[in-house]
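Structural overview for review
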Amino acid sequence: MRLFSLILAIVVLSSLVSCNKTEKKEAKDSGLMSEQWRPQIHFTPKAQWMNDPNGMVYHDGEYHLFYQYHPNSNVWGPMHWGHAVSEDLIHWEHLPIGLYPDELGTIFSGSAVADVNNTSGFGRDGKTPLVAIYTNHSHEKESEGQIDYQTQSIAYSLDNGRTWTKYENNPVLDNPGIRDFRDPKVRWHEPTQKWIMTLAVKDRVSFYSSPDLKEWTFESDFAQDEEHNGVVECPDLFPLNYNGQEKWVLLISLNPGFLHGGSGTKYYIGEFDGKEFTPDDPNAPTHWFDYGKDNYAGVTWSNIPEEDGRTLFIGWMSNWQYATVVPTEKWRSAMTLPRSLELVEGAGGKPVLKGEVVNTIDNIAGEWQEKSDLPVAAAEAGGLEFNLEKDAAYQLSFEFDLQMDATATIDLYNEAGDSIFITLDKNRELVVFDRIDSGETTFNENFPGKYDAPVAFEGPVKVDFYVDQSSVEMFINGGKVQMTNLVFPETLLTGIEIYGSGDSQLITAKARVLNSIWK
């Protein structure tokens, strides 16, 4: 390997090596999920508006993804639960709408569980009921000036989520007189043999318990340690193993209140006894789940088989500062790639929440193309070529060795002149994502900008990118630091240059095509 102090350029050229040209032309002509900026490896609705992921449950070989959906507009409106299923978390099948508004209101965010012990009594003929727990939002009450317009209701399905029956005695949790009272996330708590609901309540999280999903008892509140300007949304509570001990992670989404503006998600690590959540260090600095601008309202799947053992997450890939005006027309919004979560040791020996893209991404991946004996000035030598495709997506992986005061900047660009810049700065212990010149940015003043995240530079630094038509998801050191950002370049960013300064070394660079999940 060689040290570089000036410029190391890796030029990633586009080619058509893995697709038959006739098949590609037919797909393009059909218009199927192929509009400009349409993600090719991320879930999007066929048309219209989408936001928070809801009702995520695994049952009978299928991962269910419900989501906030407005079927009649590409901006937020009367909420339904859209529905899709997957066998591998990568390929998705669109299904009819799961839940429609009713006399109690529209259908806001919530969760779903597999009631394997039939505690609810909804099961019939040995069939396990799926039970959805969601917020009804009464716009009528809201327009009349009342504040108790959000209540919690349930519905059940006996055909693996294809049809739903709403409980005749809804709501199961009435509003005690609080304006923001929503987004129930429910899981079974084995030690107490009860269901636990984690609920967003204004500026805090409330915990409720139930033996049967119908009757709920208040247990405790967990309030924010610091002040913020927004409200709590879409909380989640789940256990993870850390060094042989069970720890509980509490996710809280804030809107506004994010480090870089708008909406973002933070997390706490602590203990939960079935009644109260106690953080290990209530005075610890804020832990942000994702330091990019565009990962919000994410929650985990329930009922993952014990033999699988993973904790699986997906988030809404947008930010409320500009979500309704991003430059797509037929559809608006995508989900992040699903991620597997773990607690691992971070800086100072304390646990951090790590997220990595699920390994079934291999199902759509081509062969790795690796370069390890890199010249100092690759551009002058004609560049290093990876065979990628402009109408697909790709994964890119680098490993750097940066000594004191060294930096490395990765420039992803296209022939139209659109670029994003990612700088690893060892002296400041930061990674900076710059999308100021990333393409279309004029739709909202809060979109262009530079966003940083703290990075512990302990030994070589590994950086992974998942680059799609309108997003870049970045994972530092195996996902100890995550950054998810939307971008709207004219064409896919398939060119790469790397600029180094100081005592810097690029150990390896590799890339692989990620084929479209829709074609």
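Residues numbered from 1 in each chain as written. Predicted model: local features only at pLDDT ≥ 70, side-chain atom pairs only at ≥ 80, totals over all residues. Heavy atoms only, no water.

Moving on, we come to the overall build of the protein. In terms of regular secondary structure, the protein is built from two helices and 35 strands. Over its C-alpha atoms the protein spans a radius of gyration of 23 Å, differing by no more than 12% from the 24 Å that the globule rule assigns to 519 residues. Within the protein, buried positions represent 59% of all 519 residues. Taking the average location of the 41 positive side-chain charges in the protein and that of its 77 negative ones, the two points are 2 Å from each other. (Helix = DSSP H or I, 4+ residues; strand = E, 2+ residues; numbered from the N terminus. Rg over C-alpha atoms; globule rule 2.2 N^0.38 Å. Buried < 20%, exposed > 50% of the residue type's maximum accessible area, 1.4 Å probe, protein only. Lys, Arg positive; Asp, Glu negative; His and termini not counted. Charge placed at Lys NZ, Arg CZ, Asp CG, Glu CD.)

Counted under the stated rule, the structure contains 24 salt bridges. Salt-bridge contacts for Arg182 lead to Asp183; the nearest nitrogen and oxygen are separated by 3.8 Å. Classification of Arg182 as buried rests on a relative accessible area of 9%. Among the salt bridges present, the one from Glu473 reaches Arg339, with a minimum N-O distance of 2.6 Å. Here Glu473, found in strand E32 (residues 471-476), pairs with Arg339, found in strand E23 (residues 339-345); they are 134 residues apart in sequence, far enough to count as distant. The buried category is assigned to Glu473, whose relative accessible area is 0%. (Salt bridge = Lys/Arg side-chain N within 4 Å of Asp/Glu carboxyl O.)

Relative to the helices and strands, Arg38 resides in the loop between helix H1 (21-30) and strand E3 (48-59). Exposure remark for Arg38: the relative accessible area of 0% places this residue in the buried category. Within the local environment of Arg38, its side chain forms a polar contact with the backbone oxygen of Lys46, the two atoms lying 3.0 Å apart. In this view, Arg38 contacts Met33, Thr44, Pro45, Lys46, Lys330, Trp331 and Gln469; residues no more than four positions away in its chain are not counted. (Polar contact = N/O pair within 3.5 Å; in protein donor to acceptor, adjacent residues only side chain to side chain. Contact = heavy atoms within 4.5 Å.)

Looking now at the sheet that holds strand E12 (residues 194-201). As summarised here, the arrangement of the four strands in space is E11-E12-E13-E14, forming an open sheet in which the pairing is antiparallel. One side of each edge strand has no neighbouring strand; the edge strands of this open sheet are strand E11 (181-189) and strand E14 (217-223). The mean angle between the axes of side-by-side strands here comes to 25°, regardless of whether they run parallel or antiparallel. By the bridge criterion, six bridges tie strand E13 (residues 204-210) to E14 in an arrangement that is antiparallel. Along E14, the bridge assignment pairs Arg204 with Ala223. (Pairing = 2+ DSSP bridges. Axes fitted to C-alpha atoms, helices over the stretch in contact; angles between N-to-C directions.)

Purely geometric stuff here, so don't read any function into it on its own.
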